[in-house]
Amino acid sequence: MESHLLVSKESLAEYKDSEISYFIAPGIACGFPSPATDSLEVRLSITDFFTSNPTATFFGRAIGSSLEGIGIFENDVLVIDRSLRPVNNDIIVMTYEGGFTAKKVVKEGNEVFLISENPEYPPVKVADPDNLIVWGVVSKIIKDPRSVVKNRYGHIRKVI
Amino acid sequence: MIVHADCDAFYVSSERVFNPSLIGKPVVILSNGDHTVVALSKEAKALGIKRGDNIKRIMALYGHHGLQALSSNYTLYGDMSSRVMEVFGQYTPDMEFYSIDEAFANLYRHKYIDLDSYVMDAKNKILQYTGIPVSVGIGQTKALAKTATKYAKKETANGFYRIKNNEDRIRLLKWLPVGDVWGIGSKYEEKLLAMGIKTAYDFSIMPGEKVNELMTIVGYRLWCELNGQQRINFEYEVPNKKGIGSAKGFGTKVTELSQLQEALEVYLSRCCDKLRAQNLACKHLSVFIHTNPFATEEPQYYKSIEVELPVATYHTHLLKEEANKLLKGIYRIGFDYKRVGVFLSRLVPIGAIQSNLFDNPNTERNAKLTAVLDAMNGRYGRDKLRFASMGYKHDWKARADKLSLHFTTDKDDIILIQ
């Protein structure tokens with residue numbers, strides 16, 4: 001029996017990056033119609049949880065173990081939203097020796113510190129908090145609990 | 001008021017966002033095949049490097065200055081460009097995307113705002129959101145706004161200049177050498193210099209009829225614009241192209257038909273993607289091949305061939321059959337080929353395809369096949385589903401040894417954070 005396409009392809013176009021599901025309801029002739037057809041909505045997609053500003057959103061992958069103190073483990077994917085201004089306790093991405101690193105921003109009184117929670121990297125006091133140079137603010141951390149997956153460059157890609 | 005925004009050293013700036021080690025160093029971006037310089041940072045300019053310079057020569061001369069050379073990464077630049085334009089577009093709907101790194105905006109709707117702070121806000125937001133620095137100029141006309149941007153880039157600390165009154169306009173035009181005026185090429189520059197016209201100001205006070213006589217209506221429009229009268233229209237919509245083509249030089253010597261065929265199909269597939277992205281079909285197809293015209297001691301061959309299709313089409317698999325037939329027809333054994341190219345023309349909107357009596361009986365099946373192809377590749381990445389004849393090895397491809405990664409479009413290429 002032929003089915004009806006209830007949601008047009010066009011109206012789903014904005015969900016292009018996520019799961020595209022067609023809402024197929026059984027044809028009328030072959031029995032009782034589903035009582036849910038009037039209430040169908042677009043299925044949640046993973047992108048609904050991640051970004052509000054795709055224009056300013058970039059992604060990065062954590063390597064090494066130096067960020068574990070601030071909750072970031074090797075192979076975690078960081079969602080970085082450059083439209084956000086850092087506030088207390090944010091994790092920020094900044095450039096460091098030609099590459100990138102992440103730090104936690106902590107405000108104590110009028111002073112701002114960059115914290116790694118790592119004995120090898122003591123907290124750094126920010127000299128001029130109004131002009132702290134930030135590459136972006138980490139808005140989400142994607143963890144894969146099964147992650148031993150290697151990317152195409154192997155476990156640790158050479159830092160350019 | 002017209003606003004003109006121009007990204008500063010756009011290709012280099014895009015690379016620097018994702019590779020901070022390039023910041024402050026002289027950087028050049030290379031042409032397809034890594035032969036010559038197509039873009040450069042201001043540090044590289046300061047060394048005396050120019051667009052078009054040969055990479056081997058400048059590396060020998062300036063390598064010890066820490067000169068960094070990168071292959072052009074148009075995937076990255078394209079994405080960064082649309083990010084910049086998206087942010088700019090939040091400020092006004094009346095925009096013209098002039099090129100990958102330049103845009104005009106017409107702020108006639110914004111009569112009651114503080115223009116300077118509005119535009120500075122846009123400029124700062126573009127830098128914050130995308131990491132790309134932009135220079136901005138404001139003037140009465142497009143040509144004046146572009147002049148203001150040039151001035152802002154070279155002479156101001158904050159990369160912003162607004163032509164506020166006639167004195168400003170005259171001062172800027174006196175500052176601008178006539179050869180640097182938008183649209184005045186080297187041919188007219190020579191003529192004008194011979195007449196004693198050295199600056200844009202000298203040009204702007206020439207009698208209009210004389211400009212018209214010397215440089216046709218195009219030059220006259222420019223003359224009007226520099227004098228504050230709008231003559232160059234806004235192109236809010238990108239005009240439909242006359243044709244879509246792709247032709248890239250090979251990185252190695254190519255002699256076999258099979259290699260040419262593989263390259264042709266890859267280029268054609270790209271063209272068909274563009275065609276369908278604009279909802280167009282083509283009725284005319286041409287293919288050409290040629291040897292390297294600079295290798296004068298080698299035997300030379302150039303041939304192009306075209307066909308009028310009975311029915312306009314947008315299907316890769318149908319066009320590829322035709323293109324292969326054409327290629328076979330012009331291929332000759334015994335030459336070192338430098339390039340193969342394909343061009344689709346006589347474009348019509350898909351909805352306006354005129355079918356005929358002898359129409360392909362498989363129209364519906366073709367449409368389904370192409371829809372599946374586009375849906376799969378839209379989701380899993382370009383060419384993930386492809387015709388086997390497009391091959392994988394691509395040993396004919398031009399060199400891009402120093403290509404940076406696709407930081408924003410490939411999940412295996414995202415930045416690393418330590």
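What counts and what doesn't
Residues numbered from 1 in each chain as written. Chains lettered and ligands numbered in written order. Predicted model: local features only at pLDDT ≥ 70, side-chain atom pairs only at ≥ 80, totals over all residues. Heavy atoms only, no water. Helix = DSSP H or I, 4+ residues; strand = E, 2+ residues; numbered from the N terminus. Buried < 20%, exposed > 50% of the residue type's maximum accessible area, 1.4 Å probe, protein only. Areas by Shrake-Rupley, 256 points an atom, 1.4 Å probe, with all protein chains shown as cover. Patch = residues over 30% accessible without salt bridge, like charges linked within 9 Å, V, L, I, M, F, W, Y side chains within 5 Å. Salt bridge = Lys/Arg side-chain N within 4 Å of Asp/Glu carboxyl O. Core = buried A, V, L, I, M, F, W, Y, C linked by side-chain atoms within 4.5 Å. Contact = heavy atoms within 4.5 Å. Pairing = 2+ DSSP bridges. Axes fitted to C-alpha atoms, helices over the stretch in contact; angles between N-to-C directions. Disulfide = S-S within 2.5 Å. Domains from an automatic or database assignment. Expected span 1.5 Å × (residues − 1). Buried area = accessible area lost by both parts, 1.4 Å probe. Nonpolar A, V, L, I, M, F, W, Y, C, P; charged D, E, K, R; others polar.

**Brief notes about the overall build of chain A**
- Looking only at helices and strands, chain A has zero helices and nine strands in total.
- When the elements of chain A are put in sequence order from the N terminus, they spell out β-β-β-β-β-β-β-β-β.
- Out of the 160 residues belonging to chain A, those deemed buried represent 34%.
- Just so you have it, chain A exposes about 10700 Å², and 55% of that area is on carbon and sulfur atoms.

**Examining a nonpolar patch on the surface**
- A surface patch of nonpolar side chains, about 350 Å² in accessible area, is lined by Val-372, Met-376, Tyr-380 and Leu-385 of chain B.
- In this fold, Tyr-380 of chain B is placed in helix 13 (residues 363–380).

**Thoughts on the nonpolar core**
- In this structure, Trp-135 of chain A together with Phe-18 and Ile-417 of chain B are the most contacted members of the largest nonpolar core, which totals 51 residues.
- With seven residues, the top contributor of residues to this core is helix 4 (residues 74–89) of chain B.
- In contact with Ile-417 of chain B, other than residues within four places in its own chain, are Gly-60, Arg-61, Ala-62, Ile-63, Leu-67, Leu-78, Ile-80, Val-93, Phe-100, Thr-101 and Ala-102 of chain A.
- One finds Leu-309, Tyr-337, Leu-347 and Trp-396 of chain B within the second-largest nonpolar core, a separate group that totals 37 residues.

**Focus on the sheet that holds strand 7 (residues 134–139) of chain B**
Residue and element names in this part refer to chain B.
- With respect to topology, five strands assemble into an open sheet ordered 5-6-1-7-8, the strand pairing being mixed. Two strands bound the open sheet, and with one partner strand each, they are strand 5 (95–99) and strand 8 (160–162). Mean inter-strand twist for the sheet, computed between neighbouring axes without regard to direction, equals 15°.
- Here strand 5 runs beside strand 6 (residues 102–106); their pairing, made up of four bridges, is antiparallel. By the bridge assignment, Phe-97 is partnered in strand 6 with Ala-103.
- Sitting on the sheet, helix 4 is in contact with strand 1 (2–7), strand 5 and strand 6, with an inclination near 160° to strand 5.
- Docked against the sheet, helix 6 (residues 142–155) engages strand 1, strand 5, strand 6, strand 7 and strand 8, running at close to 140° with respect to strand 7.

**Thoughts on the side chain of His-284 of chain B**
- Looking at the element boundaries, His-284 of chain B is found in strand 10 (residues 280–291).
- For His-284 of chain B, a relative accessible area of 13% gives the class buried.

**What about the state of the cysteines?**
Residue and element names in this part refer to chain B.
- Per the counting criterion, the structure on display carries zero disulfides over all chains.
- Note on Cys-272: no disulfide assigned, nearest cysteine sulfur contributed by Cys-271 at a separation of 6.8 Å.
- Cys-272 gets classed as buried once you look at its relative accessible area, which sits at 0%.

**Details of the domain arrangement of chain B**
- The domain architecture assigned to chain B consists of domain 1 (1–162), domain 2 (165–239) and domain 3 (243–390).
- Each of domain 2 of chain B and domain 3 of chain B has a C-alpha centre, and the two are 42 Å apart.

**Regarding helix 12 (residues 316–330) of chain B**
Residue and element names in this part refer to chain B.
- Under the 1.5 Å per step criterion, the end-to-end length of helix 12 is 21 Å for 15 residues, consistent within 8% with the ideal 21 Å.
- Burial in helix 12 covers these residues: Thr-316, His-317, Leu-319, Lys-320, Ala-323, Asn-324, Leu-326, Leu-327 and Ile-330.
- Those residues of helix 12 hidden inside the fold are in contact with helix 11 (257–277), strand 10, strand 11 (302–313), strand 12 (337–349) and helix 13.

**A word on the sheet that holds strand 9 (residues 243–254) of chain B**
All names here are of chain B.
- Across the sheet, which stays open at both edges, the four strands sit in the order 9-12-10-11 with antiparallel pairing between neighbours. Only two strands of the sheet have a single partner each, and these edge strands are strand 9 and strand 11. Here the average twist between neighbouring strands, direction ignored, is 15°.
- As paired elements, strand 9 and strand 12 share eight bridges and run antiparallel to each other. Of the residues in strand 12, the one forming a bridge with Gly-243 is Ser-345.
- Of the strands in this sheet, strand 10, strand 11 and strand 12 touch helix 12, which is tilted by about 30° from strand 10.

**Focus on the interface of chain A and chain B**
- With 36 residues of chain A at the contact, the number on the chain B side is 27 residues.
- Interface area, chain A with chain B, both sides summed: about 2900 Å², of which 55% is carbon and sulfur.
- For the pair chain A and chain B, the number of links is zero salt bridges.
- Every element with two or more residues in the side of chain A that touches chain B is listed here: strand 3 (57–62), strand 4 (77–81), strand 5 (91–96) and strand 6 (99–108) of chain A.
- Per element, the largest residue contribution to the side of chain A that touches chain B is six residues, and it comes from strand 3 of chain A.
- For the side of chain A that touches chain B, a count of residues per class yields 18 nonpolar, 11 polar and seven charged.

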